[in-house]
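Each chain is listed here by its residues.
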Amino acid sequence: MNPACEQVLDAGLDELGLVAPAEQRDRLLALVALLHKWNRAYNLTAVREPVAMVQRHLLDSLAIVPWLRGPRLLDVGSGAGLPGLVLAIMRPQLNVTLLDSNGKKVRFQRQAAYELGLSGVSAVQALAEQYQAGPFDQIVSRAFAAPQVFVDASRHLLASGGEWLAMIGRDDSLRTGALTGATLLECVPLEVPGQQGDRHLLRLEADEATTDQ
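## Focus: the packing of aromatic side chains
Okay, so step 1: Counted according to the given criterion, the structure contains 3 aromatic pairs.
Okay, so step 2: Their ring planes at 65° and their centres at 5.4 Å tell us that Trp-38 and Phe-108 sit as a pair that is edge-to-face. Taken together, the positions of Trp-38 in helix H2 (residues 22–42) and Phe-108 in helix H5 (residues 103–115) put the pair 70 residues apart, joining distant regions of the chain. For the pair shown, Trp-38 and Phe-108 are each scored as buried.
Okay, so step 3: By the ring-pair criterion, three or more aromatic residues cluster together here, those being Trp-38, Tyr-42 and Phe-108.

## As for H5
Okay, so step 1: A rise of 1.5 Å per residue sets the reference length of H5, with its 13 residues, at 18 Å; its end C-alpha atoms lie 18 Å apart and thus fit the reference within 8%.
Okay, so step 2: Of the surrounding secondary structure, the elements contacted by the buried residues of H5 are H2, helix H4 (84–90), strand S2 (95–100) and strand S3 (121–125).
Okay, so step 3: Two or three places before Lys-104, at the start of H5, stands the capping residue Asn-102, its side-chain oxygen 3.1 Å from that residue's backbone nitrogen.
Okay, so step 4: Directly beyond the C-terminal end of H5, a positive phi value near 70° is found at Gly-117.

## Some remarks on the nonpolar core
Okay, so step 1: Core analysis: the biggest nonpolar cluster contains 51 residues, and Leu-9, Leu-31, Leu-62, Leu-85 and Phe-108 have the highest contact counts within it.
Okay, so step 2: If you list the elements that add at least two residues to this core, you get helix H1 (3–16), H2, helix H3 (50–62), H4, S2, H5, S3 and strand S5 (158–168).
Okay, so step 3: A per-element tally of this core places H2 first, with 7 residues.
Okay, so step 4: Contacts of Leu-85, omitting those with residues within four sequence positions, involve Leu-31, Ala-80, Leu-98, Phe-108, Gln-109, Ala-112, Ala-113, Leu-118 and Val-121.
Okay, so step 5: With 20 residues, the next largest nonpolar core counts Leu-74, Ala-153, Leu-179 and Ala-182 among its residues.

## Quick notes on empty space enclosed by the protein
Okay, so step 1: All chains considered together, the criterion is met by 2 cavities of 30 Å³ or more.
Okay, so step 2: By volume, the second largest cavity is sized at about 30 Å³.
Okay, so step 3: Along the walls of the second largest cavity sit Leu-31, Val-32, Leu-35, Met-53, His-57, Leu-58 and Leu-82, which together make up its complete lining.
Okay, so step 4: Of all the secondary structure elements, the ones that give two or more residues to the lining of the second largest cavity are H2 and H3.
Okay, so step 5: Tallied by class, the residues present in the lining of the second largest cavity amount to 6 nonpolar, 1 polar and no charged.

So, how was this worked out
- Residues numbered from 1 in each chain as written.
- Predicted model: local features only at pLDDT ≥ 70, side-chain atom pairs only at ≥ 80, totals over all residues.
- Heavy atoms only, no water.
- Phe/Tyr/Trp six-rings, centres within 6.5 Å; stacked < 30°, edge-to-face > 60°.
- Helix = DSSP H or I, 4+ residues; strand = E, 2+ residues; numbered from the N terminus.
- Buried < 20%, exposed > 50% of the residue type's maximum accessible area, 1.4 Å probe, protein only.
- Expected span 1.5 Å × (residues − 1).
- Contact = heavy atoms within 4.5 Å.
- Polar contact = N/O pair within 3.5 Å; in protein donor to acceptor, adjacent residues only side chain to side chain.
- Core = buried A, V, L, I, M, F, W, Y, C linked by side-chain atoms within 4.5 Å.
- 1 Å grid on protein atoms, 1.4 Å probe; cavity = no way out; pocket = protein on both sides within 12 Å on 5 of 7 lines; lining within 4 Å.
- Points joined across faces, edges and corners; volume = space filled by probe spheres on them.
- Nonpolar A, V, L, I, M, F, W, Y, C, P; charged D, E, K, R; others polar.

So this is what it looks like as structure tokens:
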């Protein structure tokens, strides 16, 4: 294992107030190693260095762990399996579906889930608007689209009483006032170790009048 990655991960987990047993910690580091290996051929992420992957991908994804409840979680626009694979490692009791339209990224998701022994993870190649499984208790997006697009694309997949978790790069709480079909429950500032700049989590619920479930 990369000692620098281990050090950054351990410090980040401590700063986030998260405890990762040895098996989970090893899987997180193994995910970075896989991502770095595949990235050289498949260009899965613009982040190239393993230590930067820990900071910008692992720790960023881990920052929302306290708001997970599941048990059915959908990661829309999952890309290289982020944050879904990270969340599945930290909360193995979750049933996590990774959804992306890019075939090479879905192939990586499936291989990573297999090699990491994540039996509760499934990877699907599809557009969110066309996907018909579910419903899901929580739907997460890390870099999929603006909140309104995210809500509209996945509304039919949200369970009754479920919520959306939208990770955004700055405080868009004012802009969410114009959301249709969803209500802002909370805008949570996220302190991601090693990252500068605003990072927030929007917790959204479906308006009763637009809930299909």
